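Single-letter residue listing:
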Amino acid sequence: MRENHFIWFITSSVLGVLFIIWASIAPSLPLVPGDIWMLIPGIILVVIGLLGIFDSMVSDRVFLKYLSKMENERISLTNLSIDLNIEISDLRELLLTLRSQGKLKVFFDEKTGEIVSSKLYQGIICSFCGEPQSAEQFCSFCGTEKLEE
């Protein structure tokens, strides 16, 4: 879903730039329809697109900062969604996206369903995503090869 938002905001920005170019070319060429007033929707589309892109970047940073400053190293999804005012489905998607990018090193506790910091885990964890590793050669979440001790 986050990729769809990026696609829409990038498309909006590109269309805005095209409107701006069209509005700046149209008055000087008699065969090209249009007017200088097309600058207004072009500028609006560019601003909406850029605000959407920057909003997702800011929300990622706020989420990472919140998790890095947690007092206890365990938190449930419902408490986290209430604290950050994010729906649980969007929160799961954000968690998985940031883990797959290597920006967040947490894992889900199988018994309680809580988000647990990789600092608490005593065994071997993946160096990229923070998932606890079993005896296999590769991480079950991101596919990173296990480092030899």
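Residues numbered from 1 in each chain as written. Predicted model: local features only at pLDDT ≥ 70, side-chain atom pairs only at ≥ 80, totals over all residues. Heavy atoms only, no water.

Undergrad: So what's going on with a positive patch on the surface? Residues and values would help.
TA: A contiguous patch of positive charge, built from Arg61, Lys65, Lys69 and Lys103, is present on the exposed surface. In this fold, Lys65 is placed in helix 2 (residues 39-68). (Patch = residues over 30% accessible without salt bridge, like charges linked within 9 Å, V, L, I, M, F, W, Y side chains within 5 Å. Areas by Shrake-Rupley, 256 points an atom, 1.4 Å probe, with all protein chains shown as cover. Salt bridge = Lys/Arg side-chain N within 4 Å of Asp/Glu carboxyl O. Lys, Arg positive; Asp, Glu negative; His and termini not counted. Charge placed at Lys NZ, Arg CZ, Asp CG, Glu CD. Helix = DSSP H or I, 4+ residues; strand = E, 2+ residues; numbered from the N terminus.)

Undergrad: Can you break down a nonpolar patch on the surface residue by residue, with the values?
TA: A contiguous nonpolar surface patch, about 650 Å² in accessible area, is contributed by Ile10, Val14, Leu15, Val17, Leu18, Ile21, Ile25 and Leu29. Relative to the elements of secondary structure, Leu29 occurs in the loop between helix 1 (2-25) and helix 2. Classification of Leu29 by relative accessible area gives partly exposed; the value is 40%. (Buried < 20%, exposed > 50% of the residue type's maximum accessible area, 1.4 Å probe, protein only.)

Undergrad: Residues and numbers for the packing of helix 2 against helix 4 (residues 88-100), please.
TA: Between helix 2 and helix 4, the least distance of the axes is 12 Å, while the angle of their chain directions is 85°. Classified by the angle their axes make, helix 2 and helix 4 are roughly perpendicular. Contact residues: Asp60, Phe63, Leu64 and Leu67 in helix 2; Leu91, Leu94, Leu95 and Leu98 in helix 4. (Axes fitted to C-alpha atoms, helices over the stretch in contact; angles between N-to-C directions. Parallel < 35°, antiparallel > 145°, perpendicular 65-115°, else oblique. Contact = heavy atoms within 4.5 Å.)

Undergrad: So, the nonpolar core: which residues are in play, and what are the values?
TA: If you look at soluble globular proteins, the nonpolar side chains tend to sit buried side by side. Counting 14 residues, the largest nonpolar core has Phe63, Leu67, Leu80, Leu91, Leu95, Leu104 and Ile115 as its most contacted members. At the level of elements, helix 2, helix 3 (77-84) and helix 4 are the ones that each hand at least two residues to this core. Residue contributions to this core peak at 4 residues, all from helix 4. (Core = buried A, V, L, I, M, F, W, Y, C linked by side-chain atoms within 4.5 Å.)

Undergrad: I'd like a rundown of the environment of Val46, residues and numbers included.
TA: Its location among the elements puts Val46 in helix 2. Classification of Val46 as buried rests on a relative accessible area of 18%. Considering only alpha carbons, one finds Val46 and Thr11, 35 residues apart in sequence, at a separation of 9.3 Å. With sequence-adjacent residues up to four places away left out, Val46 is seen in contact with Ser12, Ser13, Gly16, Val17 and Ile20.

Undergrad: Can you lay out the environment of Leu45 for me, pointing to particular residues and giving the numbers?
TA: Along the chain, Leu45 turns up in helix 2. Apart from the residues within four sequence positions on either side, Leu45 is in contact with Ser12, Ser13, Leu15, Gly16 and Phe19.

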